[in-house]
Amino acid sequence: MWKYIIGVVLAAIAFGVFWSIGGQGEIKAMSINDVDLASLRDGTYQGAFSKGRWTYNVSVAVKDHRITAIKLVDDKMKPADKVNTEQINRVLAKQSLKVDTVTGATVNSKALLKAIENALKSGVSG
Amino acid sequence: MNLVDDLASRFSTLLGKRAVERLDLLMGTVVTQKVYGRRAAAAASRVLGELQRLERLLSAFLPETDVSRINASAGLGPVDVSPETFEILEMALRISEMSQGAFDVTTGPLTRLWSVTSDHPQVPPHEAITAALELVGFRHVKLDRERRTCSLPMRGQAIDLGGIAKGYAADRAAQVYRGMGVRSALIDIGGNVYAVGARPDGQPWVAGVQDPKGNRGDIVGTLKLKDASAVTSGGYERGFTADGAWYHHIIDARSGYCSRSDIAGVTVVARDSMLADALSTAVFVLGTERGIRLLQEFRGVEAVVVKEDRSILITGGLKALFSPAQ
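Describing the overall build of chain B
Here's step 1: Each helix and strand in chain B was counted, giving nine helices and 16 strands.
Here's step 2: Expected size for 326 residues packed as a compact globule is a radius of gyration near 20 Å; at 20 Å, chain B falls within 12% of this value.
Here's step 3: Expressed along its principal axes, the backbone C-alpha trace of chain B runs to roughly 70 × 45 × 40 Å.
Here's step 4: With 326 residues in all, chain B has 59% of them scored as buried.
Here's step 5: Summarising the internal contacts of chain B: among those between residues at least 6 apart in sequence, 61% fall at separations of at least 24.
Here's step 6: Counting only carbon and sulfur atoms, one obtains 51% of the accessible surface of chain B, whose full area is about 13,800 Å².
Here's step 7: Side-chain charges in chain B split into 38 positive and 37 negative, and the spacing between the mean points of these groups amounts to 6 Å.

The structure is reproduced here in structure tokens:
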């Protein structure tokens, strides 16, 4: 259930910024590395990714090895996007749907993923 | 978390009552796993390793993968590929043949021209599309079974396994789980879902089906899955608007333009995720009537089609497993 929520939250955030990223060779070729949630300590982590005019700053909250919230702190491409916030709220409200996952909701925003990865990396213990 | 809680949670994981959940970022997307059983944690990490290995084999973006080497050698000669890459290419060509080119892995030159996923997508001039179409077509791909090679005859041609590789990866993940004795697991590779067994309580896994006309996370209904994969293709995922028209990322290799069928989104359910992955694109491009006819050529392959007019069509075998959203 939690992974569904996290996946959909990521998808919802990515939705608003799809158009403004990708395409750039370097970002496309960039590999996104794994972050093991089991090794994460509780806390709120900041992560950033910047390449050319693609800049993302995210804040990721982790509790009991689960991502409980992801916020776009500052997105220069689409500042203060109300739509994103509404979508996150909608997704969180869907916790009652008892769905394990959603097929067809993809996440393609690598620059955003990298920012989230960078945030989570700072929370990995050891 | 205090020590008692920690021990309690480790104990319940050990008993297989609590899921091991992982979220990882790879293959250019988010991969989530929910795995039950005594060896759940080990299985989840092994699956992760497997997906990383496949990315190094099949990505069109990383250098030195089989796919990158084939593309770099376009017009120059055949390239030795791994047995797995060969198997995937064979399946891709088979679906291309059966769908009469509605599914095609050689649309690279067109994708570049439209650059739908870049920051400057554009509707290319018709002449440019006609020129790019010369380089596109699954019949150009030459596979040599004996030598296990693949070749593209013309410079500038390019293969992209984006429409089939995640499906293969999901199949491999399911094999890894089963090989390690895991009876209950769910993996989601960027919306490409595989359910191994049922949930620990014996109930089937439940996957939401994305509403192609709604916001991300909005669903048209839910599907019960047990030892099956669900893969969705839709024109809502990526695209851009020009002169009031929406252009999405699924390019029809036959016309050079993004496909304009009567389907807004289609979810294909099958035991074989690679098959479901390729067929979902094929059906999306072919449209409802011809798409469903294509599916009927396969055993145990079912679909939920959400048409442009928002009506929903469910094939016979799925009727009992699909519940529309309230």
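Here we look at the sheet that holds strand S2 (residues 29–36) of chain B
Residues and elements named next belong to chain B.
Here's step 1: The strand order S1-S2-S6-S7-S10-S13-S14-S15 describes an open sheet built from eight strands, whose pairing is antiparallel. At either end of the open sheet lies a strand with only one pairing partner, and these are strand S1 (20–26) and strand S15 (312–314). Recorded for the sheet is a direction-independent mean angle of 10° between the axes of neighbouring strands.

Some details on the nonpolar core
Here's step 1: Membership of the largest hydrophobic core comes to 74 residues, with the highest contact counts inside it found for Ile 159, Leu 161 and Tyr 177 of chain B.
Here's step 2: Here this core gets ten residues from one element, more than from any other, and that element is helix H8 (residues 273–286) of chain B.

Focus: the pattern of salt bridges
All names here are of chain B.
Here's step 1: What the rule picks out here adds up to twelve salt bridges over all chains.
Here's step 2: Put simply, Arg 53 and Glu 84 hold a salt bridge, and the shortest N to O gap is 2.7 Å. Of this pair, Arg 53 sits in helix H2 (residues 40–58) while Glu 84 sits in helix H4 (residues 83–98), and the two are 31 residues apart along the sequence.
Here's step 3: Of the residues examined, Arg 53 reaches a relative accessible area of 30% and is grouped as partly exposed.
Here's step 4: Close ionic contact of Arg 69 with Asp 66 constitutes a salt bridge, the shortest N to O distance being 2.8 Å. Residue Arg 69 and its partner Asp 66 are both found in helix H3 (residues 66–72); the two are separated by three residues, about one turn of the helix.
Here's step 5: A cluster of three or more residues bridged by salt bridges with shared partners is formed by Glu 50, Arg 53, Glu 84 and Arg 172.

Observations concerning the confidence of the model for chain A
Residues and elements named next belong to chain A.
Here's step 1: Per-residue pLDDT for chain A averages 58, and the proportion of residues at 70 or more is 24%.
Here's step 2: Within chain A, helix H3 (residues 82–93) has the poorest average pLDDT of any element, 39, and strand S4 (residues 101–103) the best, 73.
Here's step 3: In this model, residues 16–24 is a region of pLDDT below 50 whose contacts with residues beyond four sequence positions or in other chains number 40 contacts.
Here's step 4: Taken together, the stretch residues 76–97 has pLDDT below 50 and engages in 30 contacts with residues farther than four places along the chain or on a different chain.

Some points on the packing of H2 of chain B against helix H7 (residues 165–179) of chain B
All names here are of chain B.
Here's step 1: Axis separation between H2 and H7 bottoms out at 9 Å; the angle between their running directions is 150°. Judged by the angle between their axes, H2 and H7 are roughly antiparallel. The handedness of the crossing between H2 and H7 comes out as right-handed. The residues of H7 that touch H2, namely those facing Ala 43, Arg 46, Val 47, Glu 50, Leu 51, Arg 53, Leu 54 and Leu 58, are Ala 165, Tyr 168, Ala 169, Arg 172, Ala 173, Val 176 and Tyr 177.
Here's step 2: Classifying every residue of the contact of H2 with H7 by side-chain character gives eleven nonpolar, no polar and four charged.

Describing the sheet that holds strand S4 (residues 142–144) of chain B
One key point about sheets: their strands pair by backbone hydrogen bonds, in either a parallel or an antiparallel sense.
Residues and elements named next belong to chain B.
Here's step 1: The sheet built from three strands is open, its strands ordered S3-S5-S4 with antiparallel pairing. The open sheet is flanked by strand S3 (79–80) and S4, the only strands paired with a single partner.
Here's step 2: Summarising the sheet, S4 and strand S5 (residues 149–151) pair through three bridges and their orientation is antiparallel. Bridge pairing in S5 links Leu 143 to Cys 150.
Here's step 3: Strand contacts of H4: S4 and S5, with the helix running at about 135° to S4, the strand carrying the most contacts.

With respect to the pairing of strand S12 (residues 245–248) of chain B
Residue and element names in this part refer to chain B.
Here's step 1: One ladder, built from four bridges, connects strand S11 (residues 239–242) with S12; its direction is antiparallel. Bridge pairing in S12 places Ala 242 opposite Ala 245.
Here's step 2: Once S11 ends, the chain turns through two residues before running back antiparallel as S12, passing Asp 243 with a positive phi of about 50°.

Examining the environment of Gly 214 of chain B
Here's step 1: Among the structural elements, Gly 214 of chain B can be located in the loop between strand S8 (205–210) and strand S9 (219–225).
Here's step 2: When the C-alpha atoms of Gly 214 of chain B and Tyr 236 of chain B are compared, they prove to be 9.0 Å apart, with 22 residues separating the residues in sequence.

A look at unusual backbone geometry
Residue and element names in this part refer to chain B.
Here's step 1: The phi dihedral of Glu 64 falls on the positive side, at around 70°, and the residue is not glycine.
Here's step 2: Taking the relative accessible area as the measure of exposure, Glu 64 reaches 65% and is therefore exposed.
Here's step 3: Backbone geometry at Asp 227 places phi at a positive 50°, although glycine is not the residue there.
Here's step 4: In this fold, Asp 227 is placed in the loop between S9 and strand S10 (228–234).
Here's step 5: Note on Asp 227: relative accessible area 25%, which makes it partly exposed.

With respect to the pairing of S1 of chain B
Residues and elements named next belong to chain B.
Here's step 1: With respect to burial, S1 is a largely interior element, seven of its seven residues being buried.
Here's step 2: Side chains of S1 alternate between two faces, with Val 20, Arg 22, Asp 24 and Leu 26 and Glu 21, Leu 23 and Leu 25 buried alike.
Here's step 3: The antiparallel pairing of S1 with S2 creates a hairpin that spans two residues between the two strands, and Met 27 there sits at a positive phi of about 55°.

So, the packing of H4 of chain B against H8 of chain B
Residues and elements named next belong to chain B.
Here's step 1: Between H4 and H8, the shortest axis-to-axis distance is 10 Å and the interhelical angle comes to 35°. Here the hand of the crossing between H4 and H8 comes out right-handed. On H8, the residues touching Glu 87, Ile 88, Met 91 and Ile 95 of H4 are Met 274, Leu 275, Ala 278, Leu 279 and Ala 282.
Here's step 2: Here the residues of the contact of H4 with H8 sort into eight nonpolar, no polar and one charged.

About the thresholds
Residues numbered from 1 in each chain as written. Chains lettered and ligands numbered in written order. Predicted model: local features only at pLDDT ≥ 70, side-chain atom pairs only at ≥ 80, totals over all residues. Heavy atoms only, no water. Helix = DSSP H or I, 4+ residues; strand = E, 2+ residues; numbered from the N terminus. Rg over C-alpha atoms; globule rule 2.2 N^0.38 Å. Buried < 20%, exposed > 50% of the residue type's maximum accessible area, 1.4 Å probe, protein only. Contact = heavy atoms within 4.5 Å. Areas by Shrake-Rupley, 256 points an atom, 1.4 Å probe, with all protein chains shown as cover. Lys, Arg positive; Asp, Glu negative; His and termini not counted. Charge placed at Lys NZ, Arg CZ, Asp CG, Glu CD. Pairing = 2+ DSSP bridges. Axes fitted to C-alpha atoms, helices over the stretch in contact; angles between N-to-C directions. Core = buried A, V, L, I, M, F, W, Y, C linked by side-chain atoms within 4.5 Å. Salt bridge = Lys/Arg side-chain N within 4 Å of Asp/Glu carboxyl O. pLDDT = per-residue confidence, 0-100. Parallel < 35°, antiparallel > 145°, perpendicular 65-115°, else oblique. Left-handed = near helix turned anticlockwise from the far one by under 90°. Nonpolar A, V, L, I, M, F, W, Y, C, P; charged D, E, K, R; others polar.

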